[in-house]
Amino acid sequence: MIRRGPGSRPESPNEPAIVKPPPLPFFLLTGLALLPACAGHSSAKPQENHGAPHWSYSGDTGPAHWGSLAPEYALCATGKRQSPIDIVGAESADLANLVFHYEPTPVEIVNNGHTVQVNYAPGSHLEVDGVRFELVQFHFHAPSEHTIAGRNAAAEMHLVHKSATGELAVVGVLLEAGAYNQNFAPVWNHLPAAAGPAHKVGTTIDADDLLPGDPRTYRYSGSLTTPPGTEGVRWHLMVEPVQISKEQLAAFTRIHRGNNRPVQGLNQRKILLDSTR
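Residues numbered from 1 in each chain as written. Predicted model: local features only at pLDDT ≥ 70, side-chain atom pairs only at ≥ 80, totals over all residues. Heavy atoms only, no water.

A. Inspection of the nonpolar core at higher detail. In terms of nonpolar packing, the biggest core is built from 37 residues, with Phe138 and Leu159 touching the most fellow members. The element best represented in this core is strand β7 (residues 131–141), accounting for five residues. Residues within four places of Leu159 in sequence aside, it is in contact with Tyr102, Leu135, Gln137, Phe138, Ala169, Val170, Val171, Val173, Ala207 and Leu211. In terms of nonpolar packing, the next biggest core, distinct from the first, is built from 14 residues, Leu174, Tyr220, Trp235 and Leu273 among them. (Core = buried A, V, L, I, M, F, W, Y, C linked by side-chain atoms within 4.5 Å. Buried < 20%, exposed > 50% of the residue type's maximum accessible area, 1.4 Å probe, protein only. Helix = DSSP H or I, 4+ residues; strand = E, 2+ residues; numbered from the N terminus. Contact = heavy atoms within 4.5 Å.)

B. Molecular detail of unusual backbone geometry. Omega for the bond connecting Ala142 with Pro143 falls within 30 degrees of zero, at -5°, which places this linkage in the cis form. Tracing the chain through its elements places Pro143 in the loop between β7 and β8 (147–148). The step from Pro227 to Pro228 runs through a cis peptide bond, and the omega angle for that step is 15°. Looking at where Pro228 falls in the secondary structure, it is placed in the loop between β13 (217–223) and β14 (231–238).

C. Structural detail: the pattern of salt bridges. In total, this model carries eight salt bridges according to the counting rule given. A salt bridge links Arg132 to Glu134, with the shortest nitrogen-to-oxygen separation between them at 2.6 Å. On the accessibility criterion, Glu134 (22% relative accessible area) is partly exposed. The residue Arg219 makes a salt bridge to Asp274 at a minimum N-O spacing of 3.8 Å. (Salt bridge = Lys/Arg side-chain N within 4 Å of Asp/Glu carboxyl O.)

D. Local environment of helix α5 (residues 246–253). When α5 is considered as a whole, its buried residues turn out to be Gln248, Leu249, Ala251, Phe252 and Thr253. Considering only its buried residues, α5 is in contact with β5 (116–119), β7, β10 (155–163), β11 (168–178), α4 (185–188) and β15 (242–245).

E. Fine view of the sheet that holds β8. In space, the three strands of this open sheet follow the order β1-β8-β9, with mixed pairing throughout. The open sheet has two free edges, formed respectively by β1 (86–87) and β9 (151–152), since each of these has just one partner strand. Taken together, the two bridges between β8 and β9 define a ladder with antiparallel strand orientation. When the sheet's bridge partners are listed, Thr147 is paired in β9 with Asn152. (Pairing = 2+ DSSP bridges.)

F. View of the packing of aromatic side chains. Counted under the stated rule, the structure contains 12 aromatic pairs. Between the aromatic rings of Trp55 and Tyr57, the centroid separation amounts to 5.4 Å while the plane-to-plane angle is 80°, which identifies the pairing as edge-to-face. The same class applies to Trp55 and to Tyr57, which are both buried. Ring centres of Phe100 and Tyr102 lie 5.1 Å apart, and the angle between their planes is 65°; on these two criteria the pair is classed as edge-to-face. With a relative accessible area of 7%, Tyr102 lands in the buried category. Members of the aromatic cluster, connected to one another through ring pairs, are Tyr120, Phe138, Phe140, Phe184, Trp188 and Phe252. (Phe/Tyr/Trp six-rings, centres within 6.5 Å; stacked < 30°, edge-to-face > 60°.)

Read these as layout, nothing more, since geometry by itself doesn't imply function.
Right, here's the structure in full:
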């Protein structure tokens with residue numbers, strides 16, 4: 001199982017070089033899903049950032065045009081460490097385990113017009129390489145943003161974490177159509193069909209239950225997958241997919257279909273694959 005609590009392996013000298021940015025300005029943190037949830041838990045009721053330039057997943061405001069929509073989005077066109085990427089040619093390495101300290105949270109859900117997102121209550125975190133990253137939200141893309149040897153999964157979940165210095169770490173989980181997954185029911189039973197404010201639905205969910213059993217990850221240094229494309233994000237893509245049913249998948253894609261950015265150039269970056277469980 002994925003390691004939780006004390007006892008992670010020491011940092012490996014083979015760990016990919018990660019560019020650690022300074023604390024991110026507020027508008028950059030909102031870029032991952034256009035919600036202040038990425039900036040931490042200073043507000044109990046995150047709201048849409050109406051001042052941000054409009055972007056979408058198609059047409060003149062789609063991914064091919066993000067870099068020209070606003071000066072603050074320029075990295076979407078000029079950045080050399082952009083996400084997502086195609087996972088191919090990964091180098092095997094004995095990497096430090098991800099150590100999850102997740103607790104149940106009241107389900108506070110929002111359709112922000114780009115995805116369905118669950119804002120996570122304070123108190124849950126991820127430890128990797130001696131750094132603590134607070135879990136602030138998770139959200140979904142369909143089909144997946146990352147590909148494995150050119151193939152998309154049916155969907156992808158991103159668990160977004162932020163350190164005390166503003167560094168972001170994302171855990172990606174590929175979702176494939178298969179058996180019904182009861183662990184997602186607290187979210188799927190309340191999927192908001194239209195964009196609107198965040199609201200609590202009177203139930204709880206534990207992100208720990210949404211993770212696969214295999215703790216291995218692909219790791220690389222990347223970016224936000226939405227404008228403004230901020231780089232220096234630590235990416236950890238779980239090797240093992242998680243199953244959800246075709247009906248669960250269809251319930252999401254009736255609301256958001258094609259909310260995935262195309263893969264970006266690797267540009268000499270290394271992709272590492274954790275070699276041990």
